Structure formats: structure tokens, C-alpha cells
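Per-entry structural report
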Amino acid sequence: MLATIQRIVDNHGRNATRLVQILREVQDALGWLAPDTLTALATALGLTHAQVESTAGFYHFFHTRPQGDYRVLFSDNITDRMLGSADLMQALCKDLWLEPGHVSEDGLVSVGTTSCTGLCDQGPAVLVNYRALAHMTPSTIRQMAQLIRARVPLDQWPADWFVVQDNIRRRDIVLNAELAPGAPLAAARERGADALLNEIEHAGLRGRGGAGFSTATKWRACRAAPGSTHYVVCNADEGEPGTFKDRVLLTTRFDLLLDGMGVAALAVGASHGLIYLRGEYRYLLPQLEAQLVQRRQQGLLGADVLGPGCSFDVEIHLGAGAYICGEESALIESLEGKPGRPRIRPPFPVTHGYLGQPTTVNNVETLIVAALVAVHGGAWLRAIGTPVSSGTKVLSVSGDVARPGIYEYPFGVRIAEVLADAGAVQPLMVTTAGAAGSCLAADAFGRRIAFEDVPTGGSIMVFNDSRDVFDVARNFVHFFAHESCGFCTPCRVGTAVNARLMDKLATDHGSPYDLDEMERMHQLMQGASHCGLGNTATLALRDLLHTFRPAFERRLHAQSYEPAFDLDAALSQARRMTRRDDADAHLGDNHSSHTAAPATLPESQP
Ligand SMILES: Cc1cc2nc3c(=O)[nH]c(=O)nc-3n(C[C@H](O)[C@H](O)[C@H](O)COP(=O)(O)O)c2cc1C
Ligand code: SF4
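Residues numbered from 1 in each chain as written. Chains lettered and ligands numbered in written order. Predicted model: local features only at pLDDT ≥ 70, side-chain atom pairs only at ≥ 80, totals over all residues. Heavy atoms only, no water.

**So, the overall build of the chain**
Put simply, the test is: Comment: elements are numbered from the N terminus, with helices defined as DSSP H or I runs of at least four residues and strands as E runs of at least two. Radius of gyration here is computed from C-alpha atoms only, and the compact-globule reference equals 2.2 Å multiplied by the residue count raised to the power 0.38. Only protein chains enter the accessibility calculation, which uses a 1.4 Å probe; a residue is then buried when its area is under 20% of its type maximum, exposed when over 50%, and partly exposed in between. Only the protein chains shown count as cover for residues, and the accessible areas themselves come from Shrake-Rupley with a 1.4 Å probe. The sign given to each residue is positive for Lys and Arg and negative for Asp and Glu; His and the chain ends receive no count. Charge positions are represented by NZ for Lys, CZ for Arg, CG for Asp and CD for Glu.
Each helix and strand counted, the chain has 25 helices and 14 strands in total. For 606 residues, the compact-globule estimate of 2.2 N^0.38 gives 25 Å, and the C-alpha radius of gyration of the chain, at 27 Å, lies within 12% of that figure. Principal-axis analysis of the C-alpha atoms gives the chain an extent of 105 × 60 × 45 Å. Within the chain, buried positions represent 55% of all 606 residues. Counting every atom, the chain has about 24,600 Å² of accessible surface; 52% of that belongs to carbon and sulfur. Positive and negative side-chain charges of the chain, numbering 53 and 66 respectively, have mean locations separated by a distance of 3 Å.

**Some remarks on the packing of helix α3 (residues 35-45) against helix α4 (residues 49-58)**
Selection criterion: Between the N-to-C directions of two axes lies an angle of 0 to 180 degrees, each axis being a line fitted to C-alpha atoms and, for a helix, fitted only over the stretch in contact. What sets the label is the angle itself: under 35 degrees gives roughly parallel, over 145 gives roughly antiparallel, 65 to 115 gives roughly perpendicular, and the rest give oblique. Helix crossings fall into two classes, left-handed where the near helix is turned counterclockwise from the far one by less than a right angle and right-handed where it is turned clockwise. Whether two residues are in contact is decided by their heavy atoms: any pair within 4.5 Å suffices. Three categories are distinguished: nonpolar for Ala, Val, Leu, Ile, Met, Phe, Trp, Tyr, Cys and Pro, charged for Asp, Glu, Lys and Arg, and polar for the others, with Gly belonging to the last.
The contact between α3 and α4 brings their axes to 8 Å, and the two run at 120 degrees. Of the possible angle classes, the one that applies to α3 and α4 is oblique. Relative to α4, the crossing made by α3 is right-handed. Packed against α3, whose contacting residues are Pro35, Leu38, Thr39, Leu41 and Ala42, the element α4 presents His49, Val52, Glu53 and Ala56 at the interface. Classifying every residue of the contact of α3 with α4 gives 6 nonpolar, 2 polar and 1 charged.

**Examining the pairing of strand β10 (residues 392-399)**
Rules: What makes two strands pair is DSSP finding at least two bridges between them.
Taking burial as the measure, the 8 residues of β10 include 7 buried ones, the bulk of the element. One ladder, built from 6 bridges, connects β10 with strand β11 (residues 405-410); its direction is antiparallel. In the strand pairing of β11, Leu395 is matched with Tyr407. Hairpin geometry of β10 and β11 is characterised by an intervening segment of 5 residues between the two adjacent antiparallel strands. Two strands pair when backbone bridges link them, and β10 and strand β14 (residues 459-464) are joined in this way by 4 bridges, in the parallel orientation. Along β14, the bridge assignment pairs Ser396 with Ser459.

**Comments concerning the site of ligand 2**
To keep it simple, the criterion reads: We call a residue near a molecule or strand as soon as one heavy atom of that residue lies within 4 Å of the molecule or strand.
Cys485, Phe487, Cys488, Cys491 and Cys531 are the nearest of the 13 residues found near ligand 2. Here the residues of the shell around ligand 2 sort into 8 nonpolar, 5 polar and no charged.

**Considering the nonpolar core**
The line we're drawing: We define a nonpolar core as any set of buried Ala, Val, Leu, Ile, Met, Phe, Trp, Tyr and Cys residues linked to one another through side-chain atoms lying within 4.5 Å.
Residues Leu23, Leu41, Tyr59, Met502 and Phe552 are the most contacted members of the largest nonpolar core, which totals 83 residues. No other element matches the 8 residues that helix α19 (residues 469-483) contributes to this core. Each residue touching Leu41, except ones within four places of it in the same chain, is listed here: Ile5, Val9, Ile22, Leu23, Val26 and Val52. Formed by 64 residues, the second largest nonpolar core is a distinct cluster that contains Ala188, Leu257, Leu318 and Val350.

**A closer look at the environment of Asp76**
Here Asp76 shows up in the loop between β1 (70-75) and α5 (78-82). What makes Asp76 partly exposed here is its relative accessible area of 23%. The spatial distance from the C-alpha of Asp76 to the C-alpha of Thr64 is 22 Å, given a sequence separation of 12 residues. Other than its neighbours up to four places away in sequence, Asp76 contacts Arg81, Thr113, Thr114, Ser115 and Asn475.

**Here we look at the site of ligand 1**
The condition is simple: Residues adjacent in sequence count toward polar contacts only when both atoms are side-chain atoms; beyond that, a polar contact is any pair of N or O atoms within 3.5 Å, and within protein one must be able to donate a hydrogen and the other to accept it.
Every one of the 18 residues lining ligand 1 counts as a neighbour, but Gly209, Asn235, Glu238, Asn363 and Thr366 are closest to it. Taking Asn235, its side chain carries an N or O atom lying 2.9 Å from an oxygen atom of ligand 1. With respect to ligand 1, the backbone of Glu238 contributes an N or O atom lying 2.9 Å from an oxygen atom. When the free accessible area of ligand 1 is taken as 610 Å², the share hidden by the protein chains comes to 87%. Contributing elements (two or more residues each) for the shell around ligand 1: β9 (359-363) and α22 (532-536). By residue number, the principal contributor to the shell around ligand 1 is β9, which donates 3 residues. Tallied by class, the residues present in the shell around ligand 1 amount to 3 nonpolar, 9 polar and 6 charged.

**Quick word on helix α18 (residues 415-422)**
Counted only if it meets this: The arc in question is the one spanned by the directions pointing from the helix axis to the C-beta atoms.
Turning to α18, its buried residues are Ile415, Val418, Leu419 and Ala422. The buried residues of α18 occupy an angular sector of 100 degrees when projected down its axis, which confines them to one face. Packed against the buried residues of α18 are β10, β11, β12 (427-431), β13 (439-441) and β14. Two residues or fewer past α18, Gly423 is found with a positive phi of approximately 80 degrees.

**Things to note about the packing of aromatic side chains**
Threshold: The pairing test for Phe, Tyr and Trp rings, Trp by its six-membered ring, is centres within 6.5 Å, and the orientation test on the planes gives stacked under 30 degrees, edge-to-face over 60, and tilted for anything in between. In this analysis the charged atom, NZ for Lys or CZ for Arg, is taken to sit over a ring once it is within 6 Å of the ring centre and within 35 degrees of the ring normal.
The final tally for this structure, using the stated rule, is 13 aromatic pairs. Both rings, one in Tyr323 and one in Phe479, keep their centres 4.8 Å apart while their planes meet at 70 degrees; by these two values the pair is edge-to-face. Of this pair, Tyr323 sits in the loop between β8 (313-318) and α15 (328-335) while Phe479 sits in helix α19, placing them 156 residues apart in sequence. Residue Tyr323 shares its accessibility class with Phe479, and that shared class is buried. With a centroid separation of 5.1 Å and an interplanar angle of 70 degrees, the aromatic rings of Phe479 and Phe480 are classed as edge-to-face. Phe480 gets classed as buried once you look at its relative accessible area, which sits at 1%. One aromatic cluster in this structure is built from Phe58, Tyr59 and Phe62. Residue placement shows Arg206 over the ring face of Phe451; its charged tip is 4.2 Å from the ring centre. Seen from the ring of Tyr281, Arg278 lies directly overhead, with NZ or CZ sitting 5.1 Å from the centre.

**Notes on the sheet that holds β1**
The 4 strands lie next to each other as β2-β1-β3-β4, forming an open sheet whose pairing is mixed. This sheet does not close on itself; its edge strands, each paired only once, are β2 (109-114) and β4 (131-133). Each adjacent strand pair in this sheet contributes to an overall mean axis angle of 25 degrees, direction not counted. Note: strand β3 (residues 126-128) against β4, 3 bridges, orientation antiparallel. The residue bridging Val126 from the neighbouring strand is Leu133, located in β4. The strands touched by helix α6 (residues 85-96) within the sheet are β1 and β2, with β2 carrying the most contacts at an inclination of about 170 degrees.

**Examining the sheet that holds strand β7 (residues 272-277)**
Strand order in this open sheet of 4 strands is β8-β7-β6-β9, and the pairing throughout is parallel. The sheet is open, and its two borders are formed by β8 and β9, each paired with just one other strand. Across the sheet, the mean angle separating the axes of adjacent strands is 20 degrees when strand polarity is ignored. Sheet topology places strand β6 (residues 231-236) next to β7; 6 bridges connect them, and they run parallel.

**Details of unusual backbone geometry**
Residue Pro124 is reached from Gly123 by a cis peptide bond, and omega for that bond is -5 degrees. Within the secondary structure, Pro124 sits in the loop between β2 and β3. Cis geometry marks the peptide bond from Arg345 to Pro346; its omega dihedral reads 0 degrees. Positive phi, normally seen in glycine, also occurs at Arg151, with a value near 55 degrees. If you trace the backbone, Arg151 turns up in the loop between α7 (138-149) and β5 (168-170). Note on Arg151: relative accessible area 46%, which makes it partly exposed. The phi dihedral of Glu238 is positive, around 35 degrees, even though this residue is not glycine. Tracing the backbone shows Glu238 in the loop between β6 and α12 (245-252).

Printed below as a string of C-alpha cells:
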């Protein structure tokens with residue numbers, strides 16, 4: 001064990017900021033992260049045991065208890081559930097004589113769930129030892145149980161199980177781009193940093209990661225910040241349920257992304273780039289690493305690529321299954337080998353980011369569009385989309401549609417058009433920002449995808465009128481309870497309370513009080529939470545509670561369910577009570593509680 005740890009730590013230059021990568025490699029080699037493994041790592045890296053333990057304990061993909069040789073994780077996103085993932089998991093567990101969440105007695109296999117794996121267009125999906133398998137069926141699950149029992153190595157499983165499709169259904173400027181590798185970098189060099197920044201500003205480029213912040217403003221602030229080294233970070237964490245467009249951009253437009261990172265580096269004065277790739281996309285790593293090697297051989301990464309004496313290279317860091325690491329300051333903490341807890345801001349990453357140095361964090365799609373602007377200019381992008389939202393948006397469309405997949409549209413497209421193209425039949429509602437944003441009902445399908453109307457990070461999940469909206473809300477609420485990093489009380493408590501309330505409703509023990517309580521949690525968490533996760537965790541629930549109230553009221557405990565206040569019933573009951581009071585008074589037994597008219601109003605019990 002010690003020799004393995006020494007070798008891995010040495011390969012990482014005994015650099016403690018690489019702890020997340022080191023933990024992954026050590027876990028791969030030893031199976032799990034035992035207490036003495038963590039102690040040995042702490043000694044080798046000059047950290048305390050508590051520091052190593054807190055990082056190891058933070059990430060869902062690190063195991064501080066033994067796991068099975070085969071670790072099967074079912075994607076628990078609502079779209080996978082709609083395709084039957086829960087039944088498939090039960091079937092696998094039954095075949096393997098196993099409880100979900102447990103390791104088999106012989107240590108052979110463990111089965112559990114994980115949040116969205118980014119394969120919503122081809123679910124139900126599973127990860128087996130972090131390799132992705134799509135389109136699972138009862139038959140493939142039966143075969144999987146046999147293969148596991150026979151201890152067949154993954155490389156000998158049917159190859160077609162591991163095929164992940166791109167499912168590109170509609171292309172525009174990003175998905176049609178056919179630029180030669182390095183062309184955007186050459187164009188940026190020719191323009192020079194100042195002119196390049198002017199073009200990015202003129203383009204009106206805004207971040208595609210969700211917040212829609214001006215890219216030129218961010219890059220200028222980063223460029224102006226003093227520091228010994230500036231960094232460009234590509235946010236490829238893509239953890240939002242229902243989002244998978246960055247996966248497809250990484251597999252089909254990786255050269256353009258690296259060009260975009262080079263363009264950003266030239267603009268901000270960086271020499272180093274980092275890609276934070278979500279742990280669920282680990283199976284992409286070998287292919288992406290190979291492309292980095294190829295670019296170095298082509299002279300498109302490394303010395304002088306940004307001009308004489310200006311080098312630029314990129315490395316890939318792998319996440320370990322924590323949605324919060326998509327938040328840029330949590331992502332930077334993770335890059336530095338720490339638990340992914342959002343930082344207190346200010347200072348912002350543009351001045352104090354990775355290793356305390358000026359850092360721009362940008363989404364995959366933003367960097368790709370920046371590469372296109374470097375070649376075609378700002379006016380070109382401005383001419384596409386709407387006056388406020390220039391360019392296109394790449395959407396991940398999943399759920400109740402005939403053609404799930406990737407759709408790229410100029411900003412301004414109506415939701416109805418997206419639904420028609422994807423083949424939605426009798427859609428009841430769509431989510432426009434995964435679990436963390438608005439849910440729109442049919443009367444809003446005329447609205448447009450644009451920063452000024454319906455902003456989106458790209459996750460469009462469609463639900464038709466056969467779906468129970470309550471199940472959707474419950475899935476989202478559990479997602480946030482699971483993914484809250486626990487740093488601040490409003491989010492830690494609020495997400496947990498909401499999950500418990502929804503479970504109570506699901507078992508028919510809820511009351512109207514519980515619905516009010518969820519509204520109250522929404523008010524409490526808004527603004528009081530430390531980061532965007534807590535501030536957005538209740539948006540979908542609030543929308544669903546308002547728009548689809550009967551779906552929740554149906555779940556109320558039969559005796560406490562009064563759909564609306566019925567004045568006539570209340571008055572006649574009050575009259576009956578008054579008559580009984582009169583009778584009681586006549587009998588000399590006049591308790592004040594009998595006259596309490598409010599007792600006739602719909603009651604609720606916490
Ligand atoms: C909880 C949470 C998760 C996030 N996840 C992602 C993500 O997966 N990908 C992403 O690009 N941005 C994500 N963001 C937004 C980032 O913090 C950041 O704004 C973005 O990477 C900036 O890039 P852009 O300006 O190109 O949009 C997330 C934010 C929050 C609060
Ligand atoms: S809002 Fe939630 S995720 Fe964000 S810091 Fe607080 S507990 Fe962590």
C-alpha cells in the first residue's frame with residue numbers, strides 16, 4: 001500500500017493541491033480509501049489527516065468504506081426514472097441478492113444511485129466502475145447480473161452497451177463549425193489582446209453556463225488584475241439534471257474548445273489552462289488526453305503558441321461526483337485539492353482564483369463561441385439571435401419527446417418550436433434550467449429562449465400530461481438535499497426539510513401546513529443562502545406548487561384535505577355548533593371550545 005501511495009504522490013510532484021486527483025488514483029489502485037491510506041497520504045503530502053479526510057469525505061465518488069469490485073450506479077435523474085431506472089435497479093439487486101446502497105457479503109458488487117449522469121437522451125443509464133452504459137433494459141440488466149456473478153471483466157462485456165450517442169438533431173454556428181484546428185488561435189494572435197477583447201465585447205458574448213455574465217467584462221477584469229500567473233479554467237462540470245450538451249461539445253468540438261481556451265488565455269494574459277471535467281464523464285478522459293498530446297505535437301499547445309515567448313498549455317482535472325463543484329469558486333477549491341465548498345466572495349475569481357491568482361472560469365460553450373468570434377468578428381455574432389442575446393444556444397432536450405438530443409438554435413427561438421422539432425406529444429410542462437430554474441406550463445410555450453425572456457443553461461426536460469408533477473418535484477427536492485454542500489444553514493436545513501415534507505406527502509401523511517411550509521422554505525432560502533445552489537434550489541418547486549397545485553393537494557392526508565375554503569359549509573357547521581352550544585348551555589355544560597368558530601376552518605397539523 002505504501003509503495004503504491006508513494007508512486008502516485010511522486011507522479012504528482014508531491015503537490016497537495018492535486019489531492020483530488022491523487023485520491024482518485026489511490027482509490028483506483030487500492031479499491032477504497034481506508035483510514036490508514038488517508039494517514040499515509042497525509043504524511044506524504046505534508047497535510048493533516050483531517051485535511052485529507054475532509055476532502056475524501058466530501059465527494060460522492062470517493063469511498064471511505066469498502067465497495068464492491070463492481071460498483072454499479074444508476075442515474076437517478078427524473079428522465080431516467082421516467083424510463084424505468086428504479087425498477088431496473090430493483091431487478092439487478094434481486095438478481096444479485098443485494099440491497100440497494102449495500103455491498104454484497106463477498107465484496108463482489110455494490111449497487112446504488114447517483115445524481116444525473118448526463119445521458120438523459122439515452123437512459124436509463126448506469127455507471128459501472130465509472131464507465132457509462134446507456135439504454136439499459138430488463139434484458140441487459142439480467143445479462144449484467146450474470147456477467148458480474150461470473151466476474152467477467154468490463155472489457156469483455158458487450159461493446160454496444162458502452163456506446164454513447166451524440167444525438168445531434170439541429171445544428172447552427174457551433175455545431176456546423178468546420179474551422180481547422182488552430183485557426184481561431186492564429187486569428188486571435190493576429191488581432192492582438194486589445195482588439196480581440198473589443199470583438200468579444202462587440203459580439204455581446206454572454207456566458208452560456210447559466211448566469212449569462214458578459215464575457216468581455218470578465219476577461220477585462222481578469223486581465224487587469226495583478227498576479228504572477230493568470231489562469232483560464234473551462235467549466236465542464238455539467239451537473240445540472242437534464243444537461244448533456246457539454247458532453248457532446250467535448251466529444252465533437254474539443255479542438256474548437258482548446259482554441260477557445262487559447263483565445264481566452266491571449267485575452268487575459270494566461271499561460272495555463274485547466275479543464276474541470278465532471279467525474280461522470282471520466283470515460284471521456286483517455287480520448288481527450290490523446291487529443292491534448294496530438295495538439296502538442298502539432299504545435300497548437302505549448303511554447304510560443306500565443307506568440308513569441310508566450311506559451312499556453314492545458315491539463316484536465318477530474319471531478320468526483322459533486323454537483324456543487326459546477327459553481328465556479330467551489331470548482332476552484334476542488335482544483336486546489338479541497339472539498340468543493342463555495343468561497344466567500346468578494347474577492348472574485350477574476351482577481352483571486354486558482355491558487356489565489358487571477359482566473360477566468362468559463363463554460364465549454366462560451367469558450368467555443370469565443371473561438372468563433374476570434375475568426376469571424378463581433379459583428380458576425382451580433383447579427384445572429386436577438387438584440388440582447390447574440391448568437392445561438394445549444395440545448396439538451398430530453399424527457400417525453402420522440403427525438404431527444406442536442407438542438408442548437410439562434411437565441412429567440414420559441415419553446416413551442418423546440419418542442420415541435422423534438423416531437424413532444426401533449427406536453428404538460430418543461431423545465432428550462434434543469435432542477436434549478438423555472439418550470440413552464442403550456443400557456444408559456446410561446447415564450448422565447450433568450451436572456452431577456454427565458455434564460456437557460458441548456459437543460460430542457462419535457463413532461464407530458466401522463467406524468468405526475470408531484471414525482472418530478474420530489475425528485476428535484478431530493479436532488480438538492482443530496483447535493484447541498486452543507487456549508488450554510490438555510491440551504492442545509494431548507495433542502496433537508498423540503499425532502500422530508502415531500503416524503504410525508506408521498507406517503508399520504510401530508511397536510512396543507514406542509515405546502516405552506518415549503519413556500520416558507522423558499523422565502524427563507526432565497527437570498528439567505530451562501531451560493532447559487534441554495535438560491536435556486538426551490539425555484540422549480542415554487543413554480544410547480546403554484547402552477548400544478550392539485551398535484552400536491554391530491555397527496556394530502558384525506559382528513560386534512562380541503563381543496564379550498566368552503567364558506568357555505570363553514571357557516572352551516574357554525575350554525576350546527578351554535579345550536580349544540582345552546583343545548584349544552586341549557587344542560588349547564590357550556591365549554592368555550594364549543595363556540596370556537598375558527599375550528600370549522602380547514603385545519604392543518606404540522
Ligand atoms: C450550483 C451551481 C452549479 C453550476 N454548475 C455549472 C456547470 O456545471 N457548468 C457551468 O458552466 N456553470 C455552472 N455554474 C455557473 C458557474 O458558477 C459560472 O457562472 C460559469 O461557469 C461561468 O461561465 P460562463 O460565464 O461562461 O457562463 C453553476 C453555478 C451554480 C451556483
Ligand atoms: S447554499 Fe447550499 S451549496 Fe451553497 S454554500 Fe450554502 S449549503 Fe453549500
